[in-house]
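# Notes for the structure review
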Amino acid sequence: MAFVIAQPCVGVKDTACVIVCPVDCIHPAREGKDFADHNQLYINADECIHCGLCVDECPVSAIFPIEEVPPEWEGYIEKNAAYFRRSR
């Protein structure tokens, strides 16, 4: 089950989820060169081990299992995937 970061992260970019991720699959990192270029964080579904630690750590409840993304935020599924296609 992949996770997706959705609308509540936009403009917030709290990196608590990045800190607890055991496989470093949430980007951009605060110290990364493109952190300021994006208004939210993204989860790499190919690298995610589906541990769920990020879900509990997110202060704005922006992280959802892909099957549970609210209908109004389903566009964020593609937005997360697109970030990692561009960064390759």
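Now for a quick tour of the structure. (Residues numbered from 1 in each chain as written. Predicted model: local features only at pLDDT ≥ 70, side-chain atom pairs only at ≥ 80, totals over all residues. Heavy atoms only, no water.)

Here the focus is the layout of surface pockets. The space that makes up the largest pocket amounts to roughly 160 Å³. Lining the largest pocket are 14 residues, with Ile43, Ala45, Asp46, Asn80 and Ala81 sitting closest to its centre. Elements represented by at least two residues in the lining of the largest pocket include exactly strand E1 (3-5) and helix H3 (75-86). In terms of residue count, the dominant contributor to the lining of the largest pocket is H3 (five residues). Grouping the amino acids of the lining of the largest pocket by side-chain chemistry returns nine nonpolar, two polar and three charged. (1 Å grid on protein atoms, 1.4 Å probe; cavity = no way out; pocket = protein on both sides within 12 Å on 5 of 7 lines; lining within 4 Å. Points joined across faces, edges and corners; volume = space filled by probe spheres on them. Helix = DSSP H or I, 4+ residues; strand = E, 2+ residues; numbered from the N terminus. Nonpolar A, V, L, I, M, F, W, Y, C, P; charged D, E, K, R; others polar.)

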